[in-house]
Amino acid sequence: MSRNAESTAFRSALEVVRGVEPRVADAIAAELADQRESLKLIASENYASPATLLAMGNWFSDKYAEGTVGRRFYAGCQNVDTVEALAAEHARELFGASHAYVQPHSGIDANLVAFWAILADRVESPALRKAQARQVNDLTEADWFALRRELGNQRMLGMSLDAGGHLTHGFRPNISGKMFDQRSYGTDPATGRIDYDRVAEAAREFKPLILVAGYSAYPRKVNFRIMREIADSVGATFMVDMAHFAGLVAGKVFTGDFDPVPHAHIVTTTTHKSLRGPRGGMVLCGPELADQVDRGCPMVLGGPLPHVMAAKAVALAEARRPDFAGYAQRIVDNAQALADGLLRRGATLVTGGTDNHLVLIDVSGYGLTGRQAEQALLDSGIVTNRNSVPQDPNGAWYTSGIRIGTPALTTRGLGAAEMDATAELIHTVLSQTTPGTGPDGAPSKAKYVLDPAVAESVGKQAADLLTPFPLYPSVDLG
Ligand code: DSN
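Residues numbered from 1 in each chain as written. Predicted model: local features only at pLDDT ≥ 70, side-chain atom pairs only at ≥ 80, totals over all residues. Heavy atoms only, no water.

Peer 1: Describe the pairing of strand β16 (residues 443-449), listing the residues and the values that go with them.
Peer 2: Strand direction decides the pairing type here: strand β15 (residues 434-437) and β16, joined by three bridges, are antiparallel. The partner of T434 across the bridge, within β16, is V449. Connecting the antiparallel pair β15 and β16 is a turn made up of five residues, with G441 showing a positive phi of about 85°. (Pairing = 2+ DSSP bridges. Helix = DSSP H or I, 4+ residues; strand = E, 2+ residues; numbered from the N terminus.)

Right, here's the structure in full:
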């Protein structure tokens, strides 16, 4: 598409929206301006292509399409079938999976689909078999009671939250923490890395139905071959949530033992992080779980979002192009340059570095909580998020860490030199911020003191760093 066509498309769309509710059109335009101006280091965010964004804004949004391709609960789904089948085909080809389910609306939804599929496949329940044989009307009260009892209290072993695991891997704020009897594996306190012997020991003791690997704040590769061996040794189903690093798998940066697809029974992901697609989720699996996975809607999902599936098909087609591999490698190169720059300036990094797209700074080395650091960086035009570090003394709200990631800035075109300059800006802010006090003069985990002149100067340097790398250069809203 020419630059002119992209500008025309977005301008026209805004003009139409402005005719109905101008405040929405203004907010959309303001969001682009804000994104253009911020040094975005949120590890889970990215910038989807104009083609991906445009594929979402259309009449596919008007269509109900519960069910799956060729087997819908509504008539007239032939065009939805086309885009869903295309998205699934691109996903299968890209990741080498035998089955892809592209309906989940988010990563949480994708994980719920996977949990249901594993429970339905693994738990021996005569009541469940009856229900699956579509004899729901034959189920007695006692059957329903047995079904709830048999499906509940199953065991899940996943990575602990403060070691970088995700809420949906069996933690209380998510339904998985209420559905499953959960135990977690942490990381080695000396290295910050997964200790596979300890995972194996926990699996032997706990005998989980599901072993989950995957993370949202662990800066290292995971050896999925070893994790599968551990799962097999206790008869667990091995599930990988690759939401954060799907782009590195797609771009063949993570291969062999580090590619989850050949090793896991089931893999879930989001499509909007390093994969650079629309906001949504996806499940990949082999034939043995495919039938249960395809029951995702209406079993645990609301009606599919065909406009988002259209955008998934576009983004996955983009990820199959040869240049995506170069992009994926640059994400990791940039994260390593950022980590090196921070280490050289004296920052403490969890695990001492990174081999993926993210870096976790332990800001207690600067005498700060994660919350203080996050806000001080934000005042200076640097967008990050606070995150727990292993055995975090400040808990999950204030935290002791700042998580930074490179997928978004890499999409903009920033490289190693700019990563070093970014490390300098982060270090300047963190080393010049001091903890503040509450109204009673007591030390505060939230308040901080940063000279506004420092924040302003860093903000200006951050903006200068971005100037040569315009975001959506093809889009001029006039
Ligand atoms: N919210 C995502 C992240 O920031 O990692 C994961 O759910």
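Let's pick the thread back up.
Peer 1: Report on the pattern of salt bridges, specifying residues and quantitative values.
Peer 2: Taken as a whole and assessed by the stated rule, the structure comprises 19 salt bridges. D181 is paired through a salt bridge with R155; the nearest N and O atoms lie 3.8 Å apart. Of the two residues, D181 is situated in strand β6 (residues 180-185) and R155 in strand β5 (residues 154-159); the sequence distance between them amounts to 26 residues. A relative accessible area of 34% means that R155 is categorised as partly exposed. R225 is the partner of E229 in a salt bridge, and the nearest nitrogen-oxygen pair spans 3.0 Å. Placement of both E229 and R225 in helix α10 (residues 224-234) is noted, with a separation of four residues, approximately one turn of the helix. One continuous salt-bridge network, built from bridges that share partners, spans R344, R345, D420 and E424. (Salt bridge = Lys/Arg side-chain N within 4 Å of Asp/Glu carboxyl O. Buried < 20%, exposed > 50% of the residue type's maximum accessible area, 1.4 Å probe, protein only.)

Peer 1: Account for the pairing of β5, with residues named and values stated.
Peer 2: The buried count for β5 comes to five of six residues, which makes it a mostly enclosed element. With six bridges connecting them, β5 and β6 associate as parallel partners. Residue G158 lies in a different strand from β6, and its bridge partner there is S184. As judged from the two bridges shared by β5 and strand β7 (residues 210-214), these two strands associate in the parallel manner. Of the residues in β7, the one forming a bridge with M156 is I210.

Peer 1: Hey, could you go over the layout of surface pockets for me, with residue numbers and the actual values?
Peer 2: If you add up the space inside the largest pocket, you get close to 820 Å³. For the largest pocket, the lining is made up of 26 residues, of which F10, I28, E31, L53 and Y472 are closest to its centre. Broken down by secondary-structure element, the contributors of at least two residues to the lining of the largest pocket are α1 (3-18), α2 (22-37) and α3 (50-56). Of the residues forming the lining of the largest pocket, the biggest block, five residues, is contributed by α2. Here the lining of the largest pocket is built from residues that sort into 16 nonpolar, five polar and five charged. (1 Å grid on protein atoms, 1.4 Å probe; cavity = no way out; pocket = protein on both sides within 12 Å on 5 of 7 lines; lining within 4 Å. Points joined across faces, edges and corners; volume = space filled by probe spheres on them. Nonpolar A, V, L, I, M, F, W, Y, C, P; charged D, E, K, R; others polar.)

Peer 1: Could you give me a rundown of the packing of aromatic side chains, with the residues and numbers involved?
Peer 2: One pass over the full model with this rule turns up eight aromatic pairs. Pairing Y215 with Y218 gives two aromatic rings, centres 5.7 Å apart and planes at 65°, and the pair type is edge-to-face. Among the residues examined, Y215 registers a relative accessible area of 3% and is labelled buried. The exposure class assigned to Y218 is buried, which follows from its relative accessible area of 2%. (Phe/Tyr/Trp six-rings, centres within 6.5 Å; stacked < 30°, edge-to-face > 60°.)

Peer 1: Lay out the packing of helix α4 (residues 78-95) against helix α14 (residues 306-319) in plain terms, naming residues and giving numbers.
Peer 2: As a packed pair, α4 and α14 sit with axes 8 Å apart at the nearest point and diverge in direction by 35°. By crossing handedness, the relation of α4 to α14 is classed as left-handed. Every residue of α14 that contacts α4 at V80, V83, E84, L86, A87, H90, A91, L94 and F95 is listed here: P306, M309, A310, K312, A313, L316, A317 and A319. For the contact of α4 with α14, the residue count by class is 14 nonpolar, one polar and two charged. (Axes fitted to C-alpha atoms, helices over the stretch in contact; angles between N-to-C directions. Left-handed = near helix turned anticlockwise from the far one by under 90°. Contact = heavy atoms within 4.5 Å.)

Peer 1: Could you give me a rundown of a nonpolar patch on the surface, with the residues and numbers involved?
Peer 2: Together, V17, V24 and I28 give the surface a local cluster of nonpolar side chains, amounting to about 210 Å² of exposed area. Tracing the chain through its elements places V17 in helix α1. By relative accessible area, which is 30% here, V17 ends up partly exposed. (Patch = residues over 30% accessible without salt bridge, like charges linked within 9 Å, V, L, I, M, F, W, Y side chains within 5 Å. Areas by Shrake-Rupley, 256 points an atom, 1.4 Å probe, with all protein chains shown as cover.)

Peer 1: Describe in detail the sheet that holds β5, supporting the description with residues and values.
Peer 2: Taken in spatial order, the seven strands of this open sheet run β4-β10-β9-β8-β7-β5-β6, and their pairing is mixed. Two strands in the sheet have a free side with no partner beyond their single neighbour: β4 (99-101) and β6. Neighbouring strand axes in the sheet, compared pairwise and without regard to direction, differ in orientation by 20° on average.

Peer 1: Break down the site of the ligand for me, citing the residues and quoting the values.
Peer 2: Close to the ligand lie S44, H166, S216, H244, K273 and R403. Within the contact set of the ligand, an oxygen atom lies 2.7 Å away from a side-chain nitrogen or oxygen of S44. Between the ligand and H244 there is a distance of 2.7 Å, counted from an oxygen atom to a side-chain nitrogen or oxygen. Taking 230 Å² as the accessible area of the ligand by itself, protein coverage stands at 62%. For the shell around the ligand, the residue count by class is no nonpolar, four polar and two charged. (Near = heavy atom within 4 Å. Polar contact = N/O pair within 3.5 Å; in protein donor to acceptor, adjacent residues only side chain to side chain.)

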